[in-house]
Amino acid sequence: MTKKERYQFVIRYFQEHMPNPETELVYDNPYQLLVAVILSAQCTDKRVNMTTPLIFEKYPDLSSLSKATFDELFPLIRSISYPNNKTKHLIGMAQKVMQDYDGTIPMTVKELVTLPGVGRKTANVITSVVEQQPNMAVDTHVFRVSKRLGLVPQKLTTPLAVEKELIRNIAPALIHKAHHWLILHGRYTCLARNPKCRECGLQQVCIYFHQLLKQNG
Ligand code: SF4
């Protein structure tokens, strides 16, 4: 099977089984999405969704968040991972957007990564979810699943290398969907420790699955 055929099979499968994939973070606008994505680093979406309603109630927009003090915001974030840093990042992000971007969240990766708490992965998520820009955020699920399926060479060792390879091989109009497809597949089917290969419709093209078959004779 050629690389092109493998991509075609995987994309067709997801288009059929997950036609409208979406982020599992709950948000109403770009401000809320950015806060939720910053909070989601090393933390589950479920936990973030339990945390954000109170934050959004107390700080309904960037302006109010930019005026928050550490001591006011920290208790609302305490239950998630790295609360110290995330509290500082959220306030710093809001202040910078107010000062440098007239209170409007910028929508380019280049500008977004200048904000505290925003790395390339977060910037890719924001631009692809809000504007369907052809940017691919590579998290642990995307990294693992794309390698197991053989969408990217096994030798690639960094998220950036995987991102570039996926971008090269997926039609721009589908990249924002492909990001969610790979994440959701990794979260619910292609689990890190015990992938549910028996119920996976991608067995036929999956390199990892075929390696397992060979190992087990
Ligand atoms: S066959 Fe198994 S390893 Fe391959 S994508 Fe499906 S769940 Fe993951």
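Everything here concerns the structure above.
Below you will find a few notes about this structure. As the structure is a prediction and not an experimental result, all values here were calculated from the model.

What the chain contains, in helices and strands, is twelve helices and zero strands. Walking the chain from its N terminus toward its C terminus, one meets helices and strands in the order α-α-α-α-α-α-α-α-α-α-α-α. For 217 residues, the compact-globule formula gives about 17 Å, and the C-alpha radius of gyration of the chain, at 19 Å, lands near that figure. Along the first, second and third principal axes, the C-alpha set of the chain runs to 60 × 30 × 30 Å. Burial status across the chain gives 50% buried among its 217 residues. Considering only residue pairs separated by 6 or more positions, the chain has 60% of its internal contacts joining residues 24 or more positions apart. Summed over its atoms, the accessible surface of the chain is roughly 11,600 Å², and 52% of this surface lies on carbon and sulfur atoms. Averaged over its 27 positive side-chain charges, the chain has a centre that lies 11 Å from the centre of its 18 negative ones.

Enumeration according to the criterion identifies six salt bridges in this entry. Here Glu24 ties to Arg187 by a salt bridge, and the two come within 2.5 Å at their closest N and O atoms. Taken as a pair, Glu24 in the loop between helix 1 (3-17) and helix 2 (30-39) and Arg187 in helix 11 (residues 172-188) lie far apart in primary sequence, 163 residues in all. Judged by relative accessible area, which is 29%, Glu24 ranks as partly exposed. The shortest N-O distance in the salt bridge between Arg168 and Glu165 comes to 2.8 Å. Here Arg168 pairs with Glu165, and both are found in helix 10 (residues 159-169), just three residues apart, close to one helical turn. The exposure class of Arg168 is exposed, given its relative accessible area of 62%.

Another point: helix 2. Count 3.6 residues to each turn of an α-helix, and residues three or four apart come out pointing the same way. The buried fraction of helix 2 is high, at nine of ten residues. Within the sequence span of helix 2, burial applies to Tyr31, Gln32, Leu33, Leu34, Val35, Ala36, Val37, Ile38 and Leu39. As for helix 2, its buried residues are in contact with helix 3 (45-58), helix 4 (62-66), helix 5 (70-77), helix 6 (83-100) and helix 8 (120-131).

The next point concerns the site of the ligand. Around the ligand sit Arg148, Leu149, His185, Cys190, Pro195, Cys197, Cys200, Gln203, Cys206, Tyr208 and Phe209, and that is every residue in its neighbourhood. At the level of elements, helix 9 (140-149) and helix 12 (207-215) are the ones that each hand at least two residues to the shell around the ligand. Of the residues belonging to the shell around the ligand, the class tally is eight nonpolar, two polar and one charged.

Cut-offs and rules
- Residues numbered from 1 in each chain as written.
- Predicted model: local features only at pLDDT ≥ 70, side-chain atom pairs only at ≥ 80, totals over all residues.
- Heavy atoms only, no water.
- Helix = DSSP H or I, 4+ residues; strand = E, 2+ residues; numbered from the N terminus.
- Rg over C-alpha atoms; globule rule 2.2 N^0.38 Å.
- Buried < 20%, exposed > 50% of the residue type's maximum accessible area, 1.4 Å probe, protein only.
- Contact = heavy atoms within 4.5 Å.
- Areas by Shrake-Rupley, 256 points an atom, 1.4 Å probe, with all protein chains shown as cover.
- Lys, Arg positive; Asp, Glu negative; His and termini not counted.
- Charge placed at Lys NZ, Arg CZ, Asp CG, Glu CD.
- Salt bridge = Lys/Arg side-chain N within 4 Å of Asp/Glu carboxyl O.
- Near = heavy atom within 4 Å.
- Nonpolar A, V, L, I, M, F, W, Y, C, P; charged D, E, K, R; others polar.

Structural measurements only, silent on function.
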